[in-house]
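# Overview (structure and organization)
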2 protein chains.
Amino acid sequence: MSTATKQAVLYSFWRSSCAWRVRIGLNLKKIPYEIRPINLTTDENKTPEYKKIQPFGAVPAYIDNDDKDTALVESVAILEYLDETRPEFPLLPKDPYEKSVVRSLVQAIAMDIQPICQSRVLRYIGSEKEDEWAKHFLSEGFSALERMLEKTAGKYAFGDLITMADVLIVPQFYNGVRGELDMSQYPILFRINNTLQEEEAFKATHPSRQPDCPPEFREEGN
Amino acid sequence: MSTATKQAVLYSFWRSSCAWRVRIGLNLKKIPYEIRPINLTTDENKTPEYKKIQPFGAVPAYIDNDDKDTALVESVAILEYLDETRPEFPLLPKDPYEKSVVRSLVQAIAMDIQPICQSRVLRYIGSEKEDEWAKHFLSEGFSALERMLEKTAGKYAFGDLITMADVLIVPQFYNGVRGELDMSQYPILFRINNTLQEEEAFKATHPSRQPDCPPEFREEGN
């Protein structure tokens, strides 16, 4: 019997930092996947069809290349799943204590920074106040993250191997740049982000290289 | 040689839903712990001393009963750590796919609902607008969670065994009640929360039963 030839599918939006996390994970683990773009700016994510796949109407959603058709949702849950089912390029250390330290970096970004400054929140804040809002919460968040990295960083966020923390750092750093923060205020974060830019899995998954990236933004990542 | 007699320590605030998550996990797994209350209303969490322990100045932080003195931070990272180091009362299913489904419920609460309505965000919004804000994002979040539970729930959030998803549901439900939402709009959530109220680990860890709960709120949980 041959193994399944079904391709994995990722519902993604070029500029979503949460979708980018999963693209990096898939590329680090060399899992082939098809991208199905969901346009968050035209409310394509709010259709009843898409909400059946992802109840919050958010990206990413991921369908694995196995016999199940149900999509997995929530970026960190998807990364944990990929890490458990694909031992190649582990994203977490083996020791439970070290693993918890990496997960605390992941969750500092995924729970304490990203959600407060995501687009559905900024839209509710309104265009007059959204810049001030994003700057306030992004700087508060990056400062705390920088203090965590003082204790944990080596070449990367946790020691000298790429982990799940790095997978979240690069997309969040990009959001900081978009929010016009002076990211050199966070020297460890700045250095780690620069180092990761050299890695093919981070480069290839950059928003500017996505099939649904509008032509005027294609230069950004070069 | 005798085993360590050091007691685990939890930095907690009676009304913090994130601290409550970890209290439930510790109680389900019958790990004895000492509570060190950190008063979020008097900015005790913003002192340089506490920020050395938890860089965001948030609760919980957890020091295990081993030879390490460094605190673990971020509630879900702590729960994952407890689950890996204490096999008693597993909080996640064994199958990676099912595990990912439970983690997606966990993260729907921990990333898509709680952070947007936490106290440091509401304080920034200001007392005039915070009620409307909390109601908007809590109802949006609970509606999506209810749709996820339609696919996953049995007696509890995922089938008929208590999982990490339930550990997060009860404190978040409590926040919904505090935000004066009509929680009967979410019948599955409502039923699961009621069922969990019968469990000792959820009862004993209720905010109203905490050592730092002010006397006027002690009746709440009875």
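Residues numbered from 1 in each chain as written. Chains lettered and ligands numbered in written order. Predicted model: local features only at pLDDT ≥ 70, side-chain atom pairs only at ≥ 80, totals over all residues. Heavy atoms only, no water.

- Chain A has the name Glutathione S-transferase zeta-1 in an unreviewed UniProt entry, where Modicella reniformis is given as its organism.
- For the record of chain A, the UniProt heading Sequence similarities (unreviewed entry) holds the text "Belongs to the GST superfamily. Zeta family." (UniProt positions renumbered as here; feature names shortened; annotations may be inferred.)

### Observations regarding the overall build of chain A
- Helix and strand counts for chain A come out as 9 helices and 4 strands.
- Against the compact-globule benchmark of 17 Å for 222 residues, chain A has a radius of gyration of 17 Å, which places it among compact chains.
- Each principal axis of the C-alpha distribution contributes one length, and for chain A these read about 55 × 45 × 30 Å.
- For chain A, the proportion of its 222 residues judged to be buried stands at 57%.
- Within chain A, counting contacts between residues at least 6 apart in sequence, those at least 24 apart form 65% of the total. (Helix = DSSP H or I, 4+ residues; strand = E, 2+ residues; numbered from the N terminus. Rg over C-alpha atoms; globule rule 2.2 N^0.38 Å. Buried < 20%, exposed > 50% of the residue type's maximum accessible area, 1.4 Å probe, protein only. Contact = heavy atoms within 4.5 Å.)

### Remarks on the interface of chain A and chain B
- In this complex, chain A contributes 49 residues to the contact, which on the side of chain B involves 49 residues.
- Taken together, the two surfaces of chain A and chain B that pack against each other cover about 4500 Å², and 61% of this comes from carbon and sulfur.
- The largest per-residue losses of area from chain A upon contact with chain B belong to Tyr97(A), Met111(A) and Tyr124(A), which jointly make up 16% of the total buried on that side.
- Counting the contacts that link chain A with chain B gives 8 salt bridges.
- For Lys99(A), the salt bridge identified is with Glu84(B), shortest N-O distance 2.6 Å.
- Where chain A touches chain B, the interface holds 18 residue pairs in polar contact (both at pLDDT 80 or more).
- For the side of chain A that touches chain B, the elements supplying multiple residues, two or more each, are helix 2 (48–53), strand 4 (72–73), helix 3 (75–85), helix 4 (96–112), helix 5 (119–125) and helix 6 (130–152) of chain A.
- With 12 residues, helix 4 of chain A is the single largest residue contributor to the side of chain A that touches chain B.
- Its residues assigned to classes, the side of chain A that touches chain B shows 26 nonpolar, 8 polar and 15 charged. (Buried area = accessible area lost by both parts, 1.4 Å probe. Salt bridge = Lys/Arg side-chain N within 4 Å of Asp/Glu carboxyl O. Polar contact = N/O pair within 3.5 Å; in protein donor to acceptor, adjacent residues only side chain to side chain. Nonpolar A, V, L, I, M, F, W, Y, C, P; charged D, E, K, R; others polar.)

### Comments concerning the relation of the copies chain A and chain B
- When chain A is fitted to chain B, the best match, at an RMSD of 0.0 Å, comes from turning it 180 degrees and sliding it 0.0 Å along the axis. What we have between these two chains is a two-fold relation.
- The share of interface residues of chain A whose copies in chain B are also at the interface is 100%, consistent with both copies meeting through the same surface. (Least-squares fit on C-alpha atoms with pLDDT ≥ 70 in both.)

### Observations concerning the domain arrangement of chain A
All names here are of chain A.
- Structurally, chain A comprises domain 1 (8–89) and domain 2 (96–203).
- Computed over C-alpha atoms only, the centres of domain 1 and domain 2 are separated by 20 Å.
- At the junction of the two partners, domain 1 supplies 17 residues and domain 2 supplies 19 residues.
- Here domain 1 and domain 2 share an interface that buries about 1700 Å² over both sides, 65% of which is from carbon and sulfur atoms.
- Of all residues in domain 1, Arg-15, Trp-20 and Arg-21 bury the most surface against domain 2, accounting for 34% of the area lost on that side.
- For the interface between domain 1 and domain 2, the tally reads 1 salt bridge.
- A salt bridge links Glu-80 to Arg-103; the shortest N-O distance between them is 2.7 Å.
- The interface formed by domain 1 and domain 2 holds 3 residue pairs in polar contact (both at pLDDT 80 or more) in total.
- Per element, the largest residue contribution to the side of domain 1 that touches domain 2 is 8 residues, and it comes from helix 1 (residues 17–28).
- In the side of domain 1 that touches domain 2, the residues fall into 10 nonpolar, 3 polar and 4 charged. (Domains from an automatic or database assignment.)

### Quick look at the pairing of strand 1 (residues 8–12) of chain A
Residues and elements named next belong to chain A.
- For strand 1, the buried fraction is high: 5 of the 5 residues fall into the buried class.
- Along strand 1, one buried face is formed by Ala-8, Leu-10 and Ser-12 and the opposite face, lined by Val-9 and Tyr-11, is buried too.
- The pairing of strand 1 with strand 2 (residues 33–37) spans 5 bridges and is parallel. Residue pairing in the sheet places Leu-10 in a bridge with Ile-35 of strand 2.
- By the bridge criterion, 3 bridges tie strand 1 to strand 3 (residues 61–63) in an arrangement that is antiparallel. Following the sheet pairing, Val-9 is matched in strand 3 by Ile-63. (Pairing = 2+ DSSP bridges.)

### What to know about the UniProt feature "domain: GST C-terminal" (unreviewed entry) in chain A
- With numbering aligned to this structure, UniProt lists the feature "domain: GST C-terminal" (unreviewed entry) at residues 95–215 of chain A.
- For residues 95–215 of chain A, the helix share is 63%, the strand share is 0%, and the end-to-end C-alpha distance is 45 Å.

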